[in-house]
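# A look at the structure
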Amino acid sequence: MRELDFLPAWYPRLRRKRMLAVAQAWAATALLVAAASWVFAEHRLARASEARLVELAAALDRTQVDLHKLDDLLALEGRWRHRDRVMIKLGLHVEATRLIEKLNEVMPPEMAVLALELETADAKADAARAIDSNDDAVASLDMPPDRQLNVRLHGVAPTDVDLASFMMRLSGVRFFENVNMSYAKDRSEGGHLMREYQITFSLNLKAPAVNK
């Protein structure tokens, strides 16, 4: 015997529609929550990006200030280097003048100078050329140069005794280094026999100036 169904025919359809509406409402809610979460995440990312941009802008400003300071320091270094070059040139003339005065003091009046040659040498530059294959070694030479004034003295003396006395006086000057006799030979001039000589020595331009 079939059970009697007292529900009207429209009730099941209404129930299905109600369940569908509830499902759609939950789906819409889920979509809204997902959209809100995405918007919130994007907002946080945007805020973080803005904060990062502010930090980068501040760092860039600091870098610009440091670059300006570096430019000022480089310009100052250039001026100091130019001043040093000028002072070195002026100092060389002073050393040559004092050298001649010192030679005039220690040389006996009987002796005469035929030629006096002066040449400056930069020990740092010579060392750099000798090891230019080693970049680190060359970089380590970036310091004040060790400059020397090399002197070649050509003259005449009456006798070997006068020449020996002059050599002793030259060797006794503490600012004269590596005093050596290149040669000494007889020379006849106007019927007079004398000794022609050549002496070499050097002065360290970083040492105190030649004094009396």
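The structure under discussion appears in the preceding block.
Residues numbered from 1 in each chain as written. Predicted model: local features only at pLDDT ≥ 70, side-chain atom pairs only at ≥ 80, totals over all residues. Heavy atoms only, no water.

### Here we look at the packing of aromatic side chains
Note the cut-off: Between rings of Phe, Tyr and Trp, where Trp is taken as its six-membered ring, a pair exists when centres lie within 6.5 Å; planes separated by under 30 degrees are stacked, by over 60 edge-to-face, and by other angles tilted. Only DSSP runs of H or I with at least four residues qualify as helices, and only runs of E with at least two residues qualify as strands; both kinds are numbered from the N terminus onward. Relative accessibility thresholds used throughout: buried, under 20% of the residue-type maximum; exposed, over 50%; partly exposed, between the two (1.4 Å probe, protein chains only).
Under the counting rule described, the total for this entry stands at two aromatic pairs. With 4.6 Å between their ring centres and 35° between their planes, Phe 176 and Phe 201 make a pair best called tilted. Here the residue Phe 176 occupies a position in the loop between helix H4 (160-172) and strand S3 (177-189), and Phe 201 occupies one in strand S4 (residues 192-204), the gap between them amounting to 25 residues. Residues Phe 176 and Phe 201 agree in their burial class; the two are buried.

### Looking at the sheet that holds strand S1 (residues 112-122)
Let me state the cut-off plainly: We treat two strands as partners when DSSP finds at least two bridges between them. Orientation is described by axes fitted as lines to C-alpha atoms, over the contacting stretch for helices, and by angles from 0 to 180 degrees between their N-to-C directions.
Judged by pairing direction, the sheet is antiparallel, and its four strands sit side by side in the order S1-S2-S4-S3 without closing on themselves. Two strands in the sheet have a free side with no partner beyond their single neighbour: S1 and S3. The sheet shows a mean angle of 15° between the axes of neighbouring strands, taken without regard to direction. Where S1 lies against strand S2 (residues 147-157), 10 bridges are found, and the strand directions are antiparallel. Each bridged residue has a counterpart across the sheet, and for Leu 118 the counterpart in S2 is Val 151.

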